[in-house]
Amino acid sequence: MTQQRIFVLNGPNLNLLGQRKPEVYGTSTLKDVELSLRQRAQEYGFALEFLQTNHEGVLVDQVQRARAEAAGIIINPAAYTHTSVALHDALEAVDIPVVEVHLSNIHRREQFRHHSFVSLQATAVFAGAGAYGYLLALDFLAHHLGEDTAS
Ligand code: DQA
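### Some words on unusual backbone geometry
Only a minority of non-glycine residues have a phi that is not negative, and only a minority of peptide bonds are not trans.
Part 1: Even without a glycine there, the phi angle at asparagine 13 is positive, about 75°.
Part 2: Structurally, the position occupied by asparagine 13 is in the loop between strand S1 (4-10) and helix H1 (22-25).

### A word on the pattern of salt bridges
Part 1: This model, assessed by the stated rule, comprises nine salt bridges.
Part 2: Put simply, glutamate 69 and arginine 65 hold a salt bridge, and the shortest N to O gap is 3.0 Å. Note that glutamate 69 and arginine 65 are positioned in helix H3 (residues 56-69) at a spacing of four residues, about one turn of the helix.
Part 3: What makes glutamate 69 partly exposed here is its relative accessible area of 40%.
Part 4: Arginine 113 serves as the salt-bridge partner of glutamate 110, at 2.7 Å between the closest nitrogen and oxygen.
Part 5: Given a relative accessible area of 16%, arginine 113 falls into the buried group.

### Observations concerning the site of the ligand
Part 1: Near the ligand you find Arg20, Tyr25, Asn76, Ala78, Ala79, His82, His102, Leu103, Ser104, Ile106 and Arg113, and these make up its full shell.
Part 2: A distance of 2.7 Å separates an oxygen atom of the ligand from a polar atom in the side chain of histidine 82.
Part 3: Taking arginine 113, its side chain carries an N or O atom lying 2.9 Å from an oxygen atom of the ligand.
Part 4: Relative to its unbound accessible surface of 320 Å², the ligand loses 98% to contact with the protein.
Part 5: Here the shell around the ligand is composed, by residue class, of five nonpolar, four polar and two charged.

The rules behind the values
Residues numbered from 1 in each chain as written. Predicted model: local features only at pLDDT ≥ 70, side-chain atom pairs only at ≥ 80, totals over all residues. Heavy atoms only, no water. Helix = DSSP H or I, 4+ residues; strand = E, 2+ residues; numbered from the N terminus. Salt bridge = Lys/Arg side-chain N within 4 Å of Asp/Glu carboxyl O. Buried < 20%, exposed > 50% of the residue type's maximum accessible area, 1.4 Å probe, protein only. Near = heavy atom within 4 Å. Polar contact = N/O pair within 3.5 Å; in protein donor to acceptor, adjacent residues only side chain to side chain. Areas by Shrake-Rupley, 256 points an atom, 1.4 Å probe, with all protein chains shown as cover. Nonpolar A, V, L, I, M, F, W, Y, C, P; charged D, E, K, R; others polar.

This is the structure:
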């Protein structure tokens, strides 16, 4: 049986995780997030594609790739959450589950972060749980896709 593939897409400035505003985003680096996700993915038998980009068009390209290749998407679109109609439209065209993740609770922050174009297309949203939110997203996908075999 071929492994189900999960795409984990990270938007602009998340390469600075651990250095940028640790009081808001925590001290884990993106590498830490990737490693803990890979471990959990292995328990579930998922293959993981993990990517960070500072470019909106690359996020759109990867969503389009996921459309053909993935069983689910975990996405932290970072600032593009609040601005990108292109990302909204790309996600609208996929029929696999999409889980939106934010390290911070965007609803407790500035007004401009309260609206998400991505949430309109998301199956589930985790915000404010820090790096743990990515693991929650993976657990959710495993449950949602009926692959909940981790003990
Ligand atoms: C973020 C929240 C966004 O508002 C912000 O632009 C980010 C990170 C988060 O993970 O909390 O870059 O997506």
